[in-house]
Amino acid sequence: MDFFSSDQQFDQLYPDSISALASRHWTPIVIAKEAAHFLAVGSNTRILDIGSGVGKFCIIGAKFHPNAVFTGIEQRDSLTQIAQSVAHELSLNNTEFLTGNFTDIDFTRYHHFYFYNAFYENLIDNDSIDQTIKHSPELFNLYNRKLYKQLKKLPVGTRIATFHSSEHEMPSSYQVVGTGSNEDLKFWVKI
Ligand SMILES: C[S@@+](CC[C@H](N)C(=O)[O-])C[C@H]1O[C@@H](n2cnc3c(N)ncnc32)[C@H](O)[C@@H]1O
């Protein structure tokens, strides 16, 4: 089966409870392909997905860009386990999935970044992935500030693709250089 031909096919890789969350929480396949195409430039490029969920972006990126390495950092260990298991099932050897808070990650180990509105769950009371994580508007602000500071330190030429971002996390040193076929996908480069 070609799991990469549509979201419907791809989401079959996941347990039903996880694929049921796809339209709201996981990157659509067309967006993942466009974002990965923008980020996987150069050779031996290391890309970090900030809040990687069940690994959909990283797995699609890794499949189409075998010379780049896609790492995901995800605070919910249950989702990291699922991402690892699907990457293993697809025999991908250029993904890595870590459990933890992105605030503990050294961003300088990566060249380029993907960010799908990971902090938004702090602003809503329903529609969460699950109830295992504390959320609050204060955390939304804190995470945006922390990500802003991390991004600000990175070298000129750093790329980030954002999907449905509130843009609170983007320092003014990053410029939008394009959008995807869906204008909620934005391509940024540090100048
Ligand atoms: C909208 S989902 C996107 C998942 C994945 N990037 C994708 O595109 O398919 C955002 C994910 O970010 C995770 N997340 C939110 N805040 C986080 C944090 N501070 N550190 C690590 N992961 C976080 C959530 O648990 C959720 O799985």
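Shown above is the structure to which this text applies.
Please read these numbers as outputs of a predicted model, since none were measured by experiment.

(A) Focus on the sheet that holds strand β6 (residues 174–179). In spatial order, the strands read β3-β2-β1-β4-β5-β7-β6; together these 7 strands make up an open sheet with mixed pairing. Only two strands of the sheet have a single partner each, and these edge strands are β3 (95–99) and β6. On average, adjacent strands in this sheet sit at an angle of 20 degrees to one another, irrespective of strand direction. The sheet contact formed by strand β4 (residues 112–115) and strand β5 (residues 159–163) spans 3 bridges and is parallel. For Y114, the partnering residue across the bridge sits in β5 and is A161.

(B) Quick peek at the pairing of strand β7 (residues 185–190). Counted residue by residue, β7 has 5 buried out of 6 residues, so it is predominantly covered. The pairing of β5 with β7 spans 5 bridges and is classified as antiparallel. Bridge assignment links R159 to a residue of β7, and that residue is V189. Sheet topology places β6 next to β7; 5 bridges connect them, and they run antiparallel. Looking at β7, one finds that G178 is bridged to F187. Hairpin connection from β6 to β7: 5 residues lie between these consecutive antiparallel strands.

(C) Broad picture of the pattern of salt bridges. All chains considered together, the criterion is met by 6 salt bridges. Salt-bridge contacts for K56 lead to D7; the nearest nitrogen and oxygen are separated by 2.7 Å. Highlighted residues: K56 in helix α5 (residues 56–64) and D7 in helix α1 (residues 7–10), separated in sequence by 49 residues. Here D7 falls in the partly exposed class, since its relative accessible area comes to 27%. Here D127 makes a salt bridge to R24, at a shortest N to O gap of 2.9 Å.

(D) A positive patch on the surface, seen in detail. Where like charges cluster on the molecular surface, the positive patch consists of R145, K146, K149 and K153. Residue placement: K149 occurs in helix α7 (residues 137–153).

(E) Region of interest: the site of the ligand. Around the ligand sit 23 residues in total, of which T27, D49, G51, E74 and R76 are the nearest. One of the side-chain nitrogen or oxygen atoms of T27 is found 2.3 Å away from an oxygen atom of the ligand. Between the ligand and the protein, one listed contact pairs an oxygen atom with a side-chain N or O atom of E74 at 2.6 Å. Relative to its unbound accessible surface of 610 Å², the ligand loses 98% to contact with the protein. Of the residues assigned to the shell around the ligand, the class counts are 10 nonpolar, 8 polar and 5 charged.

What counts and how
- Residues numbered from 1 in each chain as written.
- Predicted model: local features only at pLDDT ≥ 70, side-chain atom pairs only at ≥ 80, totals over all residues.
- Heavy atoms only, no water.
- Pairing = 2+ DSSP bridges.
- Helix = DSSP H or I, 4+ residues; strand = E, 2+ residues; numbered from the N terminus.
- Axes fitted to C-alpha atoms, helices over the stretch in contact; angles between N-to-C directions.
- Buried < 20%, exposed > 50% of the residue type's maximum accessible area, 1.4 Å probe, protein only.
- Salt bridge = Lys/Arg side-chain N within 4 Å of Asp/Glu carboxyl O.
- Patch = residues over 30% accessible without salt bridge, like charges linked within 9 Å, V, L, I, M, F, W, Y side chains within 5 Å.
- Areas by Shrake-Rupley, 256 points an atom, 1.4 Å probe, with all protein chains shown as cover.
- Lys, Arg positive; Asp, Glu negative; His and termini not counted.
- Charge placed at Lys NZ, Arg CZ, Asp CG, Glu CD.
- Near = heavy atom within 4 Å.
- Polar contact = N/O pair within 3.5 Å; in protein donor to acceptor, adjacent residues only side chain to side chain.
- Nonpolar A, V, L, I, M, F, W, Y, C, P; charged D, E, K, R; others polar.

Function cannot be read off these values alone, since they describe shape.
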